[in-house]
Amino acid sequence: MDSSSLRGLLDEHAELEKQLADPAVHADQTRARKLGRRYAELSPVVRAIGELDSARGDLAAAQELAHEDAGFAAEAQEISARIPALESKLTELLLPRDPYDGSDVVMEIKSGEGGEESALFAGDLLRMYLRYAERHGWKAEVLDSVDSDLGGYKDVTISLKSKGGNNAVADGVWARLKYEGGVHRVQRVPATESQGRIHTSAAGVLIYPEPEEVEVEIDPNDLRIDVFRSSGPGGQSVNTTDSAVRVTHLPTGIVVSCQNEKSQIQNRARAIQVLQARLQALAEEEAASKAADARRSQVRTVDRSERVRTYNFPENRISDHRVNYKAYNLDQVLDGDLDAVLDALANADREERLASAGS
């Protein structure tokens, strides 16, 4: 990224800081949260720019002083060796972000092949995620569940919210758990197995960002406003003036009419209010549709062959097949110690994005 673009980010960060210092901004919590989240995203970038600029300045000074005092040559060499790492750090921070990284999530866990054993494993996964949420101070809430006969779950849906609350965070629950979607396979001796044989079954995990409140802004150029003679009751003052208003939103074709108020201005304001509500509902439907598309893409069928991860109880082994991760601490993972496997997935994703940016 060139210097003018970096300057633009610094200016944006300073402007956000100014706005967030204004008490009036916090009267609108949705706006304040969005501004705060962007501020949180930019703050590490601003720090990295500052560190790099400072190092480059120190290097120039050390190199200049080295001509007079050889002792500064070693310092210049040390500073020069640090600069590539600082440049790499800034490059990484400037990679395009997942727009949902700060979002809370909704997660579904569904039993699949394996009958009751699959339902019991779904219960184990639920406990694992709840314990992980507890470790991170997240708020977890079971929204819906269908129990199985032996105490597992045929289907369970939970909400996971970050501890940020109204305080915006750059990386929320989605940033951490977005890689969990897929088929999770378990290999163990089921409670229903009398011969001690190891069985393989599977459960599906579906995860998607929880949509925030959708804000609708209407461009006046997208509106066609017509006035006409009211045909409803209201007395002589209504029936003899063109006070009724019809508002057409050209991009969507939504038409709203209002003639119940006494003045054209009042009817126009009311019609715009109704239009905003209808556009809000439309935007929420589209957001929900996108979330559903993402949800469907994660698990086509809860089939053992479409696995993303295997939990092998006899060997106390957990394997993530997407990044060739393997560890022998399955008991700890099921108790909520998921960070190592999640770090492996996040690091692989970051390396892939860095490679794409450099190509």
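Predicted model, so just to flag it, every value in this text is computed and none were measured.

A.B. asks: Looking at this structure, how should I read the packing of helix α1 (residues 3-20) against helix α2 (residues 29-66)?
C.D. replies: For any two helices packed against each other, the geometry comes down to the angle between their axes and how far apart the axes lie. At their nearest, the axes of α1 and α2 sit 9 Å apart, and the two run at 135° to each other. Here α1 lies oblique to α2, going by the angle between them. Every pair of crossing elements has a handedness; the one defined by α1 and α2 is left-handed. Residues L6, L9, L10, E12, H13, L16, E17, Q19 and L20 of α1 pack against R31, A32, L35, G36, R38, Y39, L42, S43, V45, V46 and I49 of α2. Broken down by class, the residue content of the contact of α1 with α2 amounts to 12 nonpolar, four polar and four charged.

A.B. asks: Teacher, can you tell me more about the confidence of the model for the protein chain here?
C.D. replies: Low pLDDT means the predicted coordinates in that region are not meant to be read closely. Confidence along the protein chain averages 84 in pLDDT terms, with 87% of residues attaining 70 or more. With pLDDT under 50 throughout, residues 233-239 is counted as low confidence; its partners more than four residues away or in other chains account for six contacts.

A.B. asks: Help me understand the pairing of strand β7 (residues 244-249), please; the structure alone is not making it clear to me.
C.D. replies: Residues in a regular strand project their side chains so that they alternate between the two faces of the sheet. The buried fraction of β7 amounts to five of the six residues, a majority that puts the element mostly inside the structure. By the bridge criterion, six bridges tie strand β6 (residues 223-228) to β7 in an arrangement that is antiparallel. Residue pairing across strands places V227 opposite V245, the latter belonging to β7. In this structure, β7 lies alongside strand β8 (residues 254-258), joined through five bridges in antiparallel fashion.

A.B. asks: Just to check I follow, could you spell out unusual backbone geometry for this structure?
C.D. replies: Most of the time, phi is negative for any residue but glycine, and the peptide bond is trans. In this structure, N316 is a non-glycine residue whose phi angle is positive, near 55°. Mapped onto the elements, N316 comes out in the loop between β9 (307-312) and β10 (317-320). On the basis of relative accessible area, N316 is assigned to the partly exposed category, the value being 25%. One non-glycine residue, N324, adopts positive backbone phi at about 55°. In this fold, N324 is placed in the loop between β10 and β11 (325-327).

A.B. asks: It is not clear to me how the layout of surface pockets should be interpreted in this structure. Could you clarify?
C.D. replies: Think of a ball as big as a water molecule: rolled over the atoms, this probe shows where empty space is left. Volume-wise, the largest pocket comes out at about 670 Å³. Lining the largest pocket are 27 residues, with E92, R97, D101, D171 and R353 sitting closest to its centre. The set of elements that each furnish at least two residues to the lining of the largest pocket consists of α2, α3 (71-93), α5 (173-177) and α9 (339-358). The biggest single contributor to the lining of the largest pocket is α9, with six residues. Counted by class, the lining of the largest pocket contains 13 nonpolar, one polar and 13 charged residues.

A.B. asks: Just checking my understanding: could you explain the sheet that holds strand β4 (residues 182-188) for this structure?
C.D. replies: Sheets are built from strands paired through backbone hydrogen bonds, the pairs being either parallel or antiparallel. Strand order across the open sheet formed by eight strands is β2-β3-β1-β5-β4-β9-β10-β11, with mixed pairing between neighbours. Whereas interior strands pair on both sides, the edge strands pair on one side only; in this sheet they are β2 (139-147) and β11. Neighbour-to-neighbour, the strand axes of this sheet turn through a mean angle of 15°, independent of strand direction. Alignment of strand β1 (residues 105-111) against strand β3 (residues 153-161), held across six bridges, turns out to be antiparallel. The residue bridging K110 from the neighbouring strand is D155, located in β3.

Parameters at a glance
Residues numbered from 1 in each chain as written. Predicted model: local features only at pLDDT ≥ 70, side-chain atom pairs only at ≥ 80, totals over all residues. Heavy atoms only, no water. Axes fitted to C-alpha atoms, helices over the stretch in contact; angles between N-to-C directions. Helix = DSSP H or I, 4+ residues; strand = E, 2+ residues; numbered from the N terminus. Parallel < 35°, antiparallel > 145°, perpendicular 65-115°, else oblique. Left-handed = near helix turned anticlockwise from the far one by under 90°. Contact = heavy atoms within 4.5 Å. Nonpolar A, V, L, I, M, F, W, Y, C, P; charged D, E, K, R; others polar. pLDDT = per-residue confidence, 0-100. Buried < 20%, exposed > 50% of the residue type's maximum accessible area, 1.4 Å probe, protein only. Pairing = 2+ DSSP bridges. 1 Å grid on protein atoms, 1.4 Å probe; cavity = no way out; pocket = protein on both sides within 12 Å on 5 of 7 lines; lining within 4 Å. Points joined across faces, edges and corners; volume = space filled by probe spheres on them.

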